[in-house]
Amino acid sequence: MSVKQKSAFQDLVDFAKWHVWTRVRPSSRARLAYELFADDHEATTEGAYINLGYWKPGCASLEEANQELADQLAEAAGISEGDEVLDVGFGLGAQDFRWLETRKPARIVGIDLTPSHVRIASERAESENVQDRLQFKEGSATDLPFGAETFDRVTSLESALHYEPRTDFFKGAFEVLKPGGVLAIGDIIPLDLREPGSDGPPKLAPQRSGSLSGGMPVENWVPRETYAKQLSEAGFVDVEVKSVRDNVMDPWLDYWLRKLQDDSFRKSVSRLFYSQVKRSLTSDSGMKGELPALDFVIASARKPGA
Ligand SMILES: C[S@@+](CC[C@H](N)C(=O)[O-])C[C@H]1O[C@@H](n2cnc3c(N)ncnc32)[C@H](O)[C@@H]1O
């Protein structure tokens with residue numbers, strides 16, 4: 001699928017929106033950017049995922065990497081037959097359609113801030129006739145519209161970095177989980193850049209406005225140890241936050257650098273999307289420059305009880 005190229009006037013409007021994006025609060029920024037690029041994401045993500053993927057040795061396609069990351073998150077959450085699942089920040093819902101098949105939960109409810117994502121994922125659920133077991137709603141991770149003890153599992157795949165702040169989501173997830181329920185998150189955080197073994201506070205690279213870390217509220221700029229502590233403070237036990245960055249960051253960047261050389265990719269997306277992806281992946285002020293300071297983690301934590 002390709003994005004229909006826009007008129008010069010519409011391109012101008014989109015570039016203006018983009019400049020507003022770099023000046024608003026991180027949460028509104030994420031929503032504006034995802035809304036603006038919803039069609040581009042649908043056109044380019046192969047399997048309708050919007051994440052960096054987990055690249056096993058020999059993995060050649062983005063979709064395969066995206067599926068592997070989704071599978072690892074489902075495993076960390078322990079999604080099982082008959083479960084009630086809440087997926088927060090579902091994007092285009094790709095992982096939910098997969099989990100419905102592979103893990104057989106009774107129902108998955110998705111919440112996402114971006115209206116176009118809700119529309120695209122809901123249309124797919126209807127067209128695949130699974131709307132009874134898969135429902136997508138517009139809403140915020142930090143104000144979950146569900147009663148206490150509703151779900152067996154809560155998941156969030158590469159989205160919690162945007163929540164304002166992420167710790168409010170931890171508290172909300174704890175509330176809506178049944179006793180014994182599990183929260184599992186695939187997330188991006190800064191690396192602690194201290195020399196191994198050195199004491200003192202973590203050393204983190206500064207956030208970069210206009211790039212991935214610029215779409216993260218400053219309260220979310222915490223390293224692995226703090227992340228685990230925040231989960232415990234929300235009431236969770238059996239907290240595990242493991243880094244998988246070696247199988248995520250570099251192979252993802254290599255994949256996209258190859259894709260940038262492909263003329264059919266350039267023609268399949270909007271001019272704004274292409275120019276922003278190219279700038280970000282090839283300049284030190286973009287994702288290329290910030291990836292060495294970022295970690296990708298899979299976190300899991302259990303609500304005590306039952
Ligand atoms: C990188 S995408 C990941 C989508 C999907 N989980 C996947 O892996 O394909 C991040 C998603 O988080 C959503 N999002 C950002 N902030 C949010 C918030 N506060 N509440 C709910 N969703 C949010 C965005 O709309 C976007 O769909």
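Above this text sits the structure in question.
The rules behind each value
Residues numbered from 1 in each chain as written. Predicted model: local features only at pLDDT ≥ 70, side-chain atom pairs only at ≥ 80, totals over all residues. Heavy atoms only, no water. Buried < 20%, exposed > 50% of the residue type's maximum accessible area, 1.4 Å probe, protein only. Helix = DSSP H or I, 4+ residues; strand = E, 2+ residues; numbered from the N terminus. Arc of directions from axis to C-beta. Near = heavy atom within 4 Å. Polar contact = N/O pair within 3.5 Å; in protein donor to acceptor, adjacent residues only side chain to side chain. Areas by Shrake-Rupley, 256 points an atom, 1.4 Å probe, with all protein chains shown as cover. Nonpolar A, V, L, I, M, F, W, Y, C, P; charged D, E, K, R; others polar. Expected span 1.5 Å × (residues − 1). Contact = heavy atoms within 4.5 Å. Core = buried A, V, L, I, M, F, W, Y, C linked by side-chain atoms within 4.5 Å. Phe/Tyr/Trp six-rings, centres within 6.5 Å; stacked < 30°, edge-to-face > 60°. Pairing = 2+ DSSP bridges. Axes fitted to C-alpha atoms, helices over the stretch in contact; angles between N-to-C directions.

## Details of helix α7 (residues 166–176)
All of the buried residues along α7 are Arg-166, Phe-169, Phe-170, Ala-173 and Val-176. The buried residues of α7 occupy an angular sector of 140° when the element is viewed end-on, so they sit on one face.

## Focus on the site of the ligand
Around the ligand, a shell composed of 20 residues is seen, among which Ile-50, Asp-112, Thr-114, His-117 and Ser-159 lie nearest. For the ligand, an oxygen atom lies 2.9 Å from a polar atom in the side chain of Asn-51. Ser-159 places a side-chain nitrogen or oxygen 2.7 Å from an oxygen atom of the ligand. Relative to its unbound accessible area of 590 Å², the ligand is 98% covered by the protein chains. Considering only residue class, the shell around the ligand consists of 8 nonpolar, 10 polar and 2 charged.

## Some details on helix α4 (residues 62–77)
For α4, with 16 residues, the first-to-last C-alpha span of 23 Å sits near the 22 Å given by 1.5 Å per residue. Within α4, burial applies to Leu-62, Ala-65, Asn-66, Glu-68, Leu-69, Ala-70, Gln-72, Leu-73, Ala-74 and Ala-77. On its buried face, α4 is in contact with α5 (94–102), β4 (151–157), β5 (177–190), α9 (249–260) and β7 (294–302). Once α4 finishes, Gly-78 follows within two positions and takes phi at roughly 70°, a positive value.

## Regarding the environment of Glu-225
Following the sequence through the fold, Glu-225 ends up in helix α8 (residues 224–233). The class of Glu-225 is exposed, set by a relative accessible area of 64%.

## Re the nonpolar core
Among the nonpolar cores identified, the biggest contains 59 residues, and Phe-136, Trp-252, Trp-256, Leu-281 and Phe-296 are the most heavily contacted of them. The set of elements that each furnish at least two residues to this core consists of α4, α5, α6 (115–127), β3 (134–138), β5, α9, α11 (271–282) and β7. In terms of residue count, the dominant contributor to this core is α4 (7 residues). Aside from chain neighbours lying at most four places away, what touches Phe-296 is Leu-52, Leu-69, Glu-158, Gly-186, Asp-187, Ile-188, Lys-242, Ser-243, Val-244, Arg-245, Val-248 and Met-249. Ile-111, Ile-185, Tyr-227 and Ala-234 belong to the second largest nonpolar core, which has 27 residues in total.

## Considerations on the packing of aromatic side chains
According to the stated counting rule, one finds 12 aromatic pairs in the structure shown. Pairing Phe-90 with Phe-136 gives two aromatic rings, centres 4.6 Å apart and planes at 45°, and the pair type is tilted. Of this pair, Phe-90 sits in the loop between β1 (84–88) and α5 while Phe-136 is found in strand β3, placing the two residues 46 residues apart along the sequence. Phe-136 sits in the buried class, given a relative accessible area of 9%.

## Some points on the sheet that holds strand β6 (residues 237–243)
The strand order β3-β2-β1-β4-β5-β7-β6 describes an open sheet built from 7 strands, whose pairing is mixed. In this open sheet, the two edge strands, each paired with only one partner strand, are β3 and β6. Sheet twist, expressed as the mean angle between neighbouring strand axes with direction ignored, is 15°. Two elements, β4 and β5, share 6 bridges in a ladder whose sense is parallel. From the neighbouring strand, Leu-157 faces β5, where its bridge partner is Gly-186. Across the sheet, α8 is in contact with β5, β6 and β7; its angle to β6 comes to roughly 160°.

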